[in-house]
Amino acid sequence: MPLDSAVQTLLEQMAGLPPFEVSTVQDARASTAAFVALQEPHRQVARQVDTTYSGPTGELPIRLYVPEGAGPFPVVAYFHGGGFVTGDLVVSEELCRVLANDVGAIVAAVGYRLAPEHQFPAATDDTFAALQWIADNVATFGGDPTRLAVHGDSAGGNLAAVAALRARDEGGPPLVCQALVYPVIEPYANTPSRDEFREGFVVNAAGMDWFWNHYLADGTDPGNPYVDPSKAQDLTGLPPTLIVTMENEVSRDEAESFGAQLVEAGVPTEVVRIDGLVHGVYWITAAVPRGNEIRALVVRFLIEQFAPTLEGSVQ
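Rules and cut-offs
Residues numbered from 1 in each chain as written. Predicted model: local features only at pLDDT ≥ 70, side-chain atom pairs only at ≥ 80, totals over all residues. Heavy atoms only, no water. pLDDT = per-residue confidence, 0-100. Contact = heavy atoms within 4.5 Å. Pairing = 2+ DSSP bridges. Helix = DSSP H or I, 4+ residues; strand = E, 2+ residues; numbered from the N terminus. Buried < 20%, exposed > 50% of the residue type's maximum accessible area, 1.4 Å probe, protein only. Right-handed = clockwise from strand over helix to strand, strands pointing away. Axes fitted to C-alpha atoms, helices over the stretch in contact; angles between N-to-C directions. Polar contact = N/O pair within 3.5 Å; in protein donor to acceptor, adjacent residues only side chain to side chain. Left-handed = near helix turned anticlockwise from the far one by under 90°. Nonpolar A, V, L, I, M, F, W, Y, C, P; charged D, E, K, R; others polar. 1 Å grid on protein atoms, 1.4 Å probe; cavity = no way out; pocket = protein on both sides within 12 Å on 5 of 7 lines; lining within 4 Å. Points joined across faces, edges and corners; volume = space filled by probe spheres on them. Phe/Tyr/Trp six-rings, centres within 6.5 Å; stacked < 30°, edge-to-face > 60°. Lys NZ or Arg CZ within 6 Å of the ring centre and 35° of its normal.

### Quick look at the confidence of the model for the protein
Inference 1: Of the residues in the protein, 97% have a pLDDT of 70 or more, and the chain-wide mean is 95.
Inference 2: Contacts from residues 310-315, a stretch scored under 50 in pLDDT, to residues over four places away or in other chains number six contacts.

In structure tokens form, the structure reads like this:
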């Protein structure tokens with residue numbers, strides 16, 4: 001399918017900017033922060049709570065968005081994207097407010113240590129600690145810890161998938177579901193989509209490698225399942241999963257392959273590819289309105305997965 005016209009305009013506007021693979025870390029972070037200018041105005045939520053959770057090396061930020069209505073609310077632990085190197089609670093705020101309102105859930109946006117200052121396993125150790133903190137503390141803010149999901153996009157999708165693995169393997173809180181938006185799964189993947197969209201689609205193949213190189217220290221095993229969840233020996237027992245991919249992106253095939261593995265393992269899994277779109281548009285629906293199609297899929301999935309627990313049945 002042809003590129004969405006708004007995506008084509010965006011790519012033309014980005015044509016003069018240096019790609020990630022030739023950027024400094026500081027410039028890459030500034031580029032990601034600039035996505036705020038491409039977002040819709042912030043929607044109001046009933047309450048925003050800025051607090052901290054105890055990570056392995058100290059206190060880290062977590063921001064809770066509480067919707068209108070009477071709780072207890074289901075809870076979505078959200079891990080932002082940005083290649084493990086960029087991104088924060090500011091650039092993802094507009095999205096989190098939308099999700100809180102449209103799902104009718106508390107969205108807990110998790111700050112975590114970024115590479116290259118803090119390489120693997122810092123991000124996954126932090127996000128798993130945050131998941132445990134949410135389960136232990138969200139009732140204080142009107143949340144129901146028995147109705148807990150993980151969600152993330154790009155690198156955050158990887159961290160959400162790894163958090164689900166760790167919750168299963170390490171006695172973490174039980175999860176109702178996981179929603180992964182264009183997750184990066186396999187470092188240095190060798191796939192047709194990587195070749196087809198090698199250049200010119202927001203994140204190039206070389207740019208993806210740049211992010212992985214910053215996240216993984218020399219000597220790190222890229223086949224560690226907490227780096228690449230598709231390498232887990234056993235995927236059974238993971239929660240129902242939504243994976244949303246974009247037609248025109250490097251990481252499309254590795255994400256869809258992970259979905260196929262989950263199906264084979266008996267995990268209820270829905271994999272949806274959106275034609276005409278590219279990596280990164282989940283955050284920038286003012287610039288690319290069809291990014292709202294991703295949001296609609298995530299909202300619908302979360303509502304459906306939370307609904308059975310509301311009726312007292314088990315997913």
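So that's the structure; there's more coming.
### Quick word on the pairing of strand β8 (residues 269-278)
Inference 1: Across seven bridges, strand β7 (residues 241-248) lies against β8 in parallel orientation. Paired with T245 across the bridge in β8 is R273.

### Considerations on the pairing of β7
Inference 1: For β7, the buried fraction is high: eight of the eight residues fall into the buried class.
Inference 2: For strand β6 (residues 177-181) and β7, the ladder comprises four bridges, and the chain directions are parallel. Pairing of L180 across the sheet is with I243, part of β7.
Inference 3: In this region the chain leaves β7, passes through helix α8 (residues 252-264) and returns to the parallel neighbour β8; the handedness of that crossover is right-handed.

### Details of the sheet that holds β6
Inference 1: Taken in spatial order, the eight strands line up as β1-β2-β4-β3-β5-β6-β7-β8 in an open sheet, and their pairing is mixed. Of all strands in the sheet, those bounded by a partner on one side alone are β1 (47-55) and β8. Along the sheet, successive strands turn relative to each other by an average axial angle of 25°, direction set aside.
Inference 2: The sheet strands contacting helix α4 (residues 122-137) are β1, β2 (58-66), β3 (73-79), β4 (106-110) and β5 (143-153), and the helix crosses β1 at an angle near 120°.
Inference 3: The strands touched by helix α5 (residues 155-169) are β3, β5 and β6; relative to β5, the strand with the most contacts, the crossing angle is about 140°.

### As for the side chain of D144
Inference 1: Mapped onto the elements of the fold, D144 is located in strand β5.
Inference 2: Its relative accessible area of 15% is what places D144 among the buried residues.
Inference 3: Within the structure, the side chain of D144 is placed 2.6 Å from the side chain of T146, a separation counted as a polar contact.
Inference 4: Side-chain polar atoms of D144 contact the side chain of R147, separated by 2.8 Å.
Inference 5: Setting aside residues no more than four positions away along its own chain, D144 makes contact with P72, F73, V75 and V138.

### With respect to the packing of α4 against α5
Inference 1: Running from N to C, α4 and α5 point in directions that differ by 60°, and their axes come no closer than 9 Å. Crossing geometry of α4 relative to α5 is assigned as right-handed. Side by side, α4 and α5 meet where A123, T124, D125, T127, F128 and L131 of the first sit next to L159, V162, A163, R166 and A167 of the second.
Inference 2: For the contact of α4 with α5, the per-class residue count stands at seven nonpolar, two polar and two charged.

### Focus: empty space enclosed by the protein
Inference 1: Under the defined criterion, the tally for this structure stands at two cavities of 30 Å³ or more.
Inference 2: Looking at the largest cavity, its volume works out to about 250 Å³.
Inference 3: Surrounding the largest cavity, 21 residues form its lining, G82, G83, S154, V203 and H279 being those nearest its centre.
Inference 4: Looking at which element gives the most residues to the lining of the largest cavity, the answer is helix α7 (residues 205-215), with three residues.
Inference 5: Grouping the constituent residues of the lining of the largest cavity by class yields twelve nonpolar, eight polar and one charged.
Inference 6: Here the second largest cavity is characterised by a volume of approximately 30 Å³.

### Considering the packing of aromatic side chains
Aromatic ring pairs are reported here in terms of the distance separating the ring centres and the angle at which the planes meet.
Inference 1: Going through the model one piece at a time under the given rule, you end up with eight aromatic pairs.
Inference 2: Consider the rings of W210 and F211, whose centres lie 5.0 Å apart with planes at 85°: the pair is edge-to-face.
Inference 3: What makes W210 buried here is its relative accessible area of 10%.
Inference 4: Owing to a relative accessible area of 6%, F211 belongs among the buried residues under this scheme.
Inference 5: Here the aromatic cluster, defined as three or more aromatic residues joined through ring pairs, consists of F84, F120, W212 and Y215.
Inference 6: Sitting above the plane of the Y282 ring, R295 keeps its charged end 6.0 Å from the centroid.

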